[in-house]
Every structure is written in C-alpha cells, then in structure tokens.
Amino acid sequence: MIKPHIEIAGWDVSEYVKSIRAELCSDVPSEANKIDIELVNCRQQFYGAFVPEDPISCSVTVTKDKCVTVETREWKWFEGHVQKVSVHEDICKIEASGTHGGFSGNLKKTYQYSAEELNVRRIVNDLLNDYGWTGERVIDTAVKHIPKNGMKFEAGSDYFNAFNRLQDLTGAIYFVDEDNTFYFIDPNKAARHAINLDGYILRGTQDANIIGYRNVIAVIGSSPHDPINDPDGAAIPSQSPMHRYMKVGTKEELEENGVLYAPPVYMIGANAERCKQVAENLYVYYQDREDVCKPTVVSMIPPVASVVSYTPANRYGIPGADCIEHTRYGPSMKIVGIVVKAVTTLDSSGLVSELEVDTHSLSSSYVEIDKVTPDQVVELSNEDLKRLNEALTSPGGA
C-alpha cells in the first residue's frame, strides 16, 4: 500500500491527492526544481485556499505485506513553497518548487578561515548549521586539514558550490541517505551506506537504463570443440576452452572519464573470433550511452544526493540478487553511484522514480590507466581478470 502525506500551508490534504510529480536535481537552486500536484476539489473547498509562497512538504509511506511480516517504510520526498495555484471545478492544480537532499539555497553568513582553522570537520559543520540541517551527520575523511593559507565562503553564495569546493580539496564526497543522515566521507566508504535498489528496479532495456557509459568491455567465452593442430597436423579438441578478451577505449577517453568496466559478458559456445567481435560491438554500443546510469524504481524514493547500489541482470537475462554475488561464471557487478536527478510520479498506477545516477566519482579511481592497453582488443590475462574482479567487487563498485 502506498500512502502520501502532504501538507500545504499547514493543511493535511493527503486524502485529496490525485497525482504528484516532482523533478528534483542536486545541482540547481530549489526554485528550479519543479513539482506539480493535482488535488480533487471536493465541494469547491480549494477556492482561495492557497497562495504563492505557502510552505509545502510531502512524504510517502510504503507498506509491503510479506509472507509472515508487514514491512513499513516512510520516504521523505520534498519540502518547498507554492509558486502558482489554478483551481478548476473538479481539480486544484498547484505548481511548486522545492528540494530534498540537494542543498539548494544560499549561505546566510560569511565564513572566513585562517590557515590554522581549516579543519574539515569544523567547516562542514559550519555549513550544515548555516543550512539548518537537523538530521544526523557523519564526517569521516582521510584529509583532516586543508593545506591552504586560508578560505572564505561569502554570504549569498550557494551551498552546492561550497560543498563541491570542499569535495575537490579533500577528495571526499557528500550525500544524504534514506534515513536523512548527511555523510561527508571518502569515496571508498560510500558503498556501505548505499540504498539497495535490487528488487525495486523495472527491468527492460537495462543496458541503456542502468549501466550507462563504459569504456572497458570484457567478453569471456567457452568453446571446448575449437580444434587445434598437433605437430603431426591432426586436429584435436582444444585444451583451453575459455576465451577471454577485453576491449579498451582510447587513451583520451580513459584520461577524461577514468577506467569504467562494463558488466562482463559470458558466452557459452563462443570461439575466440566471436568473443573479439562481441567486445568490439559492445564498445561501440556503450559509446552511445549517456555518462549517467538511469535506473527506474518502483515503491521507493531514493533522495537526491543519496548513494544507491544495484545489480544488473547477468548475461542470461536473470536479475542479479544479494544471494548471487558470484555466479558459476564469475562475479556479479554491483553498480554504486550518487543520485543527481530524480523524477518521481505518484498516481493511481503507483509510485515510480526515474533516477539519474553518477558513478564516476565512486568508480573511476579504482584502476590506474596505465594498467590497461588503450584502443585495442587484447587477451584478458590472469592479472587483467584479477583487476576486473577487484573492480567489480570493490567497495565502490566498478
């Protein structure tokens, strides 16, 4: 069961909701985030009820009946203000703006730090206090002190740029989890705080939707009947049934985007030439993908700026799951990234969130560029396979 809880100007209008659609981004002012609400106008009660700048907040409670238990979870959705109201005979339409997790808005005070005062924990806490953050906060970075002569954050500058500035100086990342806890931590610690989307993702054109752009493609085939010639010229069955090849992007791609592994392809009955061709073809395929992953999930609302993880289907079309971290053919791939945009719709058909997930900040640092051979299809050595497995099963994913 999916039940919204929405208040406008202090009035609980949850029972009158017809539909809600919110498009929230992490890198734009809250005024640019668009929220559309339709309320059923029973007894003409919404004539003159709301005006621009009225406060608005919304959460959604999702209840799942399992075999012997009932699981209930509340998702905070957005907070903001009314921008426009249009009342019709049977429907009240409200346009609003707001945010959740994106840290939109501007600093209220100016913060000046000397070289001795550039403590990461202190600066992050100052920014959160200025923002008015009321949730829990976790600050855990390898860099404790910023090596600069001084820093200044001007009043009126936005929080997004302030946190990004700190992120660049410390190598850390920041995000908000499903329990409204703020994290400013090193990337290799992010996966343990990720929201698991497995079981909620709508399958379909999964490569286009949930994997995104990749520049290293591994293809592993098995063809035990490939003949080889012995010294006498007789054809005998191959003693090396596994064919392992890897297509790597150009040096320019690797330098710009980092080394981004695609989920490995396992092909039963494929000979060496077939493996090479598939690697080449998939490389072209992934070039057309966008640089963000686009999973679509149901019955949940991962906050903007939260870290999420999920397992793509394996190459036989069987969805991955927590109990299939390693298949008989190799490791499954856990994609981990930060939600940078969420378009969520709640109506009579259910609750659907279309996400854009940035994986670059969590993945591109795991493999050094000089460890792979650019712009070639090469045989996957044991060392290459070891790096691939480490990339796919490391805390930050691949």
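The structure we're discussing is the one just above.
An account of the accompanying structure is given in this report. Here the structure is a predicted model, which means the values were calculated and not measured.

Parameters and conventions
Within every chain, residues take consecutive numbers counted from 1 along the sequence as written. The model is predicted, so local features are restricted to residues of pLDDT at least 70 and side-chain atom pairs to those at 80 or more, both for listing and for counting; the totals for chains, interfaces and linings are taken over all residues. As a rule here, side-chain values come from all non-hydrogen atoms in the structure, and water together with hydrogens is ignored. Strand pairing is assigned whenever DSSP identifies at least 2 bridges connecting the two strands. The helix and strand labels rest on DSSP assignments: H or I over at least four residues marks a helix, E over at least two residues marks a strand, and numbering proceeds from the N terminus. Only the stretch in contact is used when fitting a helix axis, every axis being a line fitted to C-alpha atoms; angles between N-to-C directions are given from 0 to 180 degrees. By definition, residues are in contact when any of their heavy atoms lie within 4.5 Å. Remark: exposure states derive from per-residue accessible area (1.4 Å probe, protein chains only) relative to the maximum for the residue type, with buried under 20%, exposed over 50%, and partly exposed in between. An expected span of 1.5 Å times one less than the residue number is assigned to each helix. Polar contact criterion, stated in full: a pair of N or O atoms within 3.5 Å, where within protein one must be able to donate a hydrogen and the other to accept it, and residues adjacent in sequence count only if both atoms are side-chain atoms. Under the pairing criterion, centres of Phe, Tyr and Trp rings, with the six-membered ring standing for Trp, must be within 6.5 Å; the plane angle then separates stacked pairs below 30 degrees from edge-to-face pairs above 60, leaving the rest tilted. By definition here, charges over rings are those cases where NZ of Lys or CZ of Arg is within 6 Å of the ring centre and within 35 degrees of the ring normal. Among the buried residues, those of types Ala, Val, Leu, Ile, Met, Phe, Trp, Tyr and Cys that are joined through side-chain atoms within 4.5 Å form a nonpolar core. Note on angle classes: values under 35 degrees are labelled roughly parallel, values over 145 roughly antiparallel, values of 65 to 115 roughly perpendicular, and the remainder oblique. Left-handed describes a crossing whose near helix is turned anticlockwise from the far helix through less than a right angle; right-handed describes the clockwise counterpart. Classes in brief: Ala, Val, Leu, Ile, Met, Phe, Trp, Tyr, Cys and Pro nonpolar; Asp, Glu, Lys and Arg charged; the others, Gly included, polar. The salt bridge criterion pairs a side-chain nitrogen of Lys or Arg with a carboxyl oxygen of Asp or Glu, the two atoms within 4 Å.

Take the sheet that holds strand β17 (residues 242–248) next. Ordered by their spatial adjacency, 4 strands build an open sheet running β18-β14-β17-β25, and the pairing between neighbours is mixed. Each edge of the open sheet carries a strand with a single partner, namely β18 (265–268) and β25 (376–379). Adjacent strand axes in the sheet meet at a mean angle of 20 degrees when their direction is disregarded. Against the sheet, helix α5 (residues 272–287) engages β14 (216–222), β17, β18 and β25, with an angle of about 155 degrees to β14.

Residues of strand β12 (residues 182–185) alternate between two faces, with Phe182 and Phe184 on one and Tyr183 and Ile185 on the opposite face, all of them buried. Direction of pairing for strand β9 (residues 137–140) relative to β12: parallel, over a ladder of 4 bridges. Note on β12: the bridge partner recorded for Arg137 is Phe182. Relative to β12, strand β11 (residues 173–176) runs antiparallel, the two sharing 4 bridges. Its bridge partner being in β12, Tyr174 is matched across the sheet by Phe184. Once β11 ends, the chain turns through 5 residues before running back antiparallel as β12, passing Asn180 with a positive phi of about 65 degrees.

Since the α-helix packs 3.6 residues into each turn, any two residues three or four apart lie on the same face. For helix α1 (residues 120–131), built from 12 residues, the straight-helix expectation of 16 Å at 1.5 Å per residue is met to within 8% by its first-to-last C-alpha distance of 17 Å. Among all positions of α1, only Val120, Ile123, Val124, Asn125, Asp126, Leu127, Leu128 and Asp130 are buried. At its buried positions, α1 is contacted by β8 (111–114), β9, β10 (150–153), α2 (159–170) and β12. Of the residues flanking the start of α1, the one acting as N-cap is Asn119, its side-chain oxygen 3.0 Å from the backbone nitrogen of Arg121.

Turning to the packing of aromatic side chains, a few remarks are in order. Under the defined criterion, the tally for this structure stands at 14 aromatic pairs. Between Tyr285 and Tyr286, the ring centres sit 5.5 Å apart and the planes meet at 80 degrees, which makes this aromatic pair edge-to-face. Note on Tyr285: relative accessible area 30%, which makes it partly exposed. Tyr286 sits in the buried class, given a relative accessible area of 2%. Grouping aromatic residues by their ring pairs yields a cluster made of Tyr131, Trp133, Tyr159, Phe163, Tyr174 and Phe182. Above the plane of the ring of Phe153 lies Arg165, whose end atom (NZ or CZ) is 4.9 Å from the centre.

All right, on to the nonpolar core then. Residues Leu39, Trp77 and Phe78 are the most contacted members of the largest nonpolar core, which totals 57 residues. Ranked by residues supplied to this core, first place goes to α5 with 6 residues. Ranked by size, the runner-up nonpolar core spans 23 residues in total, among them Tyr113, Ile146, Phe153 and Leu166.

α2 packs onto α1 with a crossing angle of 170 degrees between their chain directions and a minimal axis gap of 11 Å. When the interaxial angle is binned, α1 and α2 end up roughly antiparallel. For α1 against α2, the interelement crossing comes out left-handed. Contacts from Val120, Ile123, Val124, Leu127, Leu128, Asp130 and Tyr131 of α1 reach α2 at Tyr159, Ala162, Phe163, Leu166 and Thr170. Broken down by class, the residue content of the contact of α1 with α2 amounts to 10 nonpolar, 1 polar and 1 charged.

Under the criterion given, the structure shown has 11 salt bridges. A salt bridge links Glu38 to Lys18, with the shortest nitrogen-to-oxygen separation between them at 4.0 Å. One end of the pair, Glu38, is in strand β4 (residues 34–40); the other, Lys18, is in strand β3 (residues 17–25), and 20 residues separate them in sequence. With a shortest N-O distance of 4.0 Å, Glu356 and Lys294 are connected by a salt bridge. Taken as a pair, Glu356 in strand β24 (residues 350–358) and Lys294 in the loop between α5 and β19 (296–298) lie far apart in primary sequence, 62 residues in all. Residue class for Glu356 comes out partly exposed when judged on its relative accessible area of 21%. Each of Arg21, Glu23 and Lys341 takes part in salt bridges that share partners, so that together they form one network.

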